[in-house]
Amino acid sequence: YMLKEIMEQPDAVSRTIEPWIKEGRADLSEVLSRDEVKNLSRFYIVACGSSYHVGVVAKYNLEKLARIPVEVVLASEFRYCNPIIDKNTLVVCISQSGETADTLEAVREAKSLGALTLAIVNVEGSSIARESDRVILTKAGPEIAVATTKAYSTQLAVTVLLALYAADCCGTLEKTEYDAVLNELLAVPDKMKQILSDKENIQRIAYQHFDNEDIFFIGRNIDYALSLEGSLKLKEISYIHSEAYAAGELKHGTISLVVKDTLVIAVASYGLLVDKTLSNAKEVQARGGHIMGITTESLRERVAAVTDEILTIPDTHEVLLASLAVLPLQLFAYYIALYRGC
Ligand code: BG6
């Protein structure tokens with residue numbers, strides 16, 4: 001099921017975004033009025049597991065495009081963190097199942113504090129969908145594998161729609177930039193297909209690494225957000241010890257765990273920060289670690305110069321990098337687990 005669901009992602013993303021694109025714009029006005037969005041003082045994004053990781057990517061994108069502050073909080077922490085909420089706070093609860101107990105409790109807490117709640121859920125009529133003020137359904141279809149893949153991708157696509165819509169309502173984005181992000185969102189399904197057609201290459205690389213006992217992921221900004229998901233996917237299904245670090249943090253202690261041949265996956269797809277991440281990759285190499293780079297086609301040469309092997313994704317706008325780069329990470333985790341007989 002996991003492989004089947006990985007392969008279904010292009011269609012799942014198309015189905016999810018299609019109802020919300022009207023006359024060349026991301027239009028969520030059926031769910032949130034333009035005035036409601038204009039009056040927002042802050043977003044909270046609350047979720048668990050991979051859905052939380054979607055929130056971590058979404059924070060970068062929402063703040064970048066709409067310039068509204070975003071707090072991302074684990075649902076199991078939200079109830080106890082005394083959140084600063086008023087009627088102009090939108091609490092976005094993300095859940096594939098719509099039944100995760102901590103996320104459901106977060107919806108109840110947010111409502112009791114007077115916030116407007118928006119659920120991004122995959123299961124119509126689920127508890128979180130019923131109890132939230134507003135709902136956007138992801139159209140991933142039933143997700144049978146416990147380790148989420150297509151739900152993650154559809155949730156991520158909805159958060160990009162939300163960031164575009166909020167930017168439109170608040171007037172924070174130039175038209176050319178808006179069009180660039182929207183066009184790249186529409187191109188995601190085809191670019192996903194391109195990555196999936198190369199899955200044998202990822203399988204070959206996974207075969208070389210399946211007997212590792214520790215695998216680290218590093219990245220900066222959205223590449224860090226994505227590293228969290230790559231690491232969770234890997235440990236959840238392969239039982240390999242794995243950690244994800246903001247690349248600049250590696251030197252503050254964790255680098256001592258990197259010894260000869262430790263595999264470190266450097267997610268370096270964000271052009272602005274690629275050299276910073278590569279400087280951290282060099283620190284790993286100085287200790288004998290083995291670096292796999294994940295980057296875009298146009299950054300291939302720069303990253304290949306520093307890494308031991310490389311996987312690439314098609315070029316895209318930075319807001320959509322995670323939507324593409326998550327695929328090789330899912331496939332890598334899947335094949336590693338398969339070779340380990342998990
Ligand atoms: C975990 C799953 O148990 O629940 C994760 O292993 C998932 O894949 C998490 O992200 C949260 O689930 P949901 O349904 O609220 O998105």
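Residues numbered from 1 in each chain as written. Predicted model: local features only at pLDDT ≥ 70, side-chain atom pairs only at ≥ 80, totals over all residues. Heavy atoms only, no water.

A. Representation of empty space enclosed by the protein within the structure. All chains considered together, the criterion is met by 1 cavity of 30 Å³ or more. Here the largest cavity defines a volume of roughly 30 Å³. (1 Å grid on protein atoms, 1.4 Å probe; cavity = no way out; pocket = protein on both sides within 12 Å on 5 of 7 lines; lining within 4 Å. Points joined across faces, edges and corners; volume = space filled by probe spheres on them.)

B. Just the side chain of Thr296, in detail. Mapped onto the fold, Thr296 is located in strand E11 (residues 290-296). The exposure class of Thr296 is buried, given its relative accessible area of 4%. Within polar-contact distance, the side chain of Thr296 engages the side chain of Asp315 at 3.3 Å. Discounting chain neighbours no more than four positions away, the residues touching Thr296 are Ser269, Thr312, Ile313, Pro314, Asp315 and Leu321. (Helix = DSSP H or I, 4+ residues; strand = E, 2+ residues; numbered from the N terminus. Buried < 20%, exposed > 50% of the residue type's maximum accessible area, 1.4 Å probe, protein only. Polar contact = N/O pair within 3.5 Å; in protein donor to acceptor, adjacent residues only side chain to side chain. Contact = heavy atoms within 4.5 Å.)

C. How the structure looks around the nonpolar core. Counting 92 residues, the largest nonpolar core has Leu32, Phe43, Val92, Leu164, Leu185, Ile265 and Phe332 as its most contacted members. Element by element, the count of residues in this core is highest for helix H14 (residues 321-339), at 14 residues. Apart from the residues lying within four places of it in its own chain, the contact partners of Leu185 are Ile17, Ala157, Val160, Leu161, Leu164 and Leu320. With 18 residues, the next largest nonpolar core counts Ala247, Val258, Ala281 and Ile291 among its residues. (Core = buried A, V, L, I, M, F, W, Y, C linked by side-chain atoms within 4.5 Å.)

D. Structural context of the site of the ligand. Taken together, Cys48, Gly49, Ser50, Ser51, Ser95, Gln96, Ser97, Thr100, Val146, Thr148 and Glu236 make up the full set of residues near the ligand. The contact in question runs from an oxygen atom of the ligand to an N or O atom on the backbone of Val146, over 3.3 Å. The contact in question runs from an oxygen atom of the ligand to an N or O atom on the side chain of Glu236, over 2.6 Å. Coverage of the ligand by the protein amounts to 76% of the 390 Å² it exposes when considered alone. Placement of the ligand is best described as lying within the largest pocket. Take the shell around the ligand: its biggest share by element is 3 residues, from helix H4 (residues 49-66). (Near = heavy atom within 4 Å. Areas by Shrake-Rupley, 256 points an atom, 1.4 Å probe, with all protein chains shown as cover. Sits in = over half its atoms within 2 Å of the grid points.)

E. Inspection of the sheet that holds strand E6 (residues 116-121) at higher detail. Strand order across the open sheet formed by 5 strands is E4-E3-E5-E6-E7, with parallel pairing between neighbours. Sheet topology places strand E4 (70-74) and strand E7 (134-137) at the edges, where each strand pairs with a single neighbour. Here the strands of the sheet are splayed against their neighbours by 20 degrees on average, with no regard to which way each runs. In the sheet, strand E5 (residues 89-95) pairs with E6 via 6 bridges, with the strands oriented parallel. Looking at the pairing, Val91 lines up with Thr117 of E6. Helix H6 (residues 101-112) contacts strand E3 (42-47), E5 and E6 of the sheet and is inclined by roughly 165 degrees relative to E5. (Pairing = 2+ DSSP bridges. Axes fitted to C-alpha atoms, helices over the stretch in contact; angles between N-to-C directions.)

F. Inspection of the side chain of Asn61 at higher detail. Positionally, Asn61 belongs in helix H4. Overall, Asn61 belongs to the buried group, its relative accessible area being 1%. For Asn61, the side chain forms a polar contact with the main-chain oxygen of Val319, separated by 3.2 Å. Residues contacting Asn61, with those up to four places away along its chain left out, are Ala66, Val160, Ala163, Ile222 and Val319.

G. Up close: the sheet that holds strand E9 (residues 241-246). Strands sit in the order E9-E8-E10-E11-E12 across an open sheet of 5 strands; the sheet is parallel. Edge positions in the open sheet fall to E9 and strand E12 (309-313), since each of these has one partner strand only. Strand-to-strand, the axes of this sheet are offset by a mean angle of 20 degrees, without reference to chain direction. For strand E10 (residues 263-267) and E11, the ladder comprises 5 bridges, and the chain directions are parallel. Looking at E11, one finds that Ile265 is bridged to Met292.

H. Quick peek at the packing of aromatic side chains. Taken as a whole and assessed by the stated rule, the structure comprises 5 aromatic pairs. When the centroid spacing of 5.5 Å and the interplanar angle of 40 degrees are considered together, the rings of Tyr207 and Phe210 count as tilted. With a centroid separation of 4.9 Å and an interplanar angle of 70 degrees, the aromatic rings of Tyr207 and Tyr339 are classed as edge-to-face. Remark: Tyr339 occurs in helix H14 and Tyr207 occurs in helix H10 (residues 199-209); sequence separation between them is 132 residues. (Phe/Tyr/Trp six-rings, centres within 6.5 Å; stacked < 30°, edge-to-face > 60°.)

I. Spotlight on the layout of surface pockets. By volume, the largest pocket amounts to about 290 Å³. Cys48, Ser51, Gln96, Val146 and Thr148 are the residues nearest the centre of the largest pocket, which is lined by 19 residues in total. Along the lines of polarity and charge, the residues of the lining of the largest pocket split into 7 nonpolar, 10 polar and 2 charged. (Nonpolar A, V, L, I, M, F, W, Y, C, P; charged D, E, K, R; others polar.)

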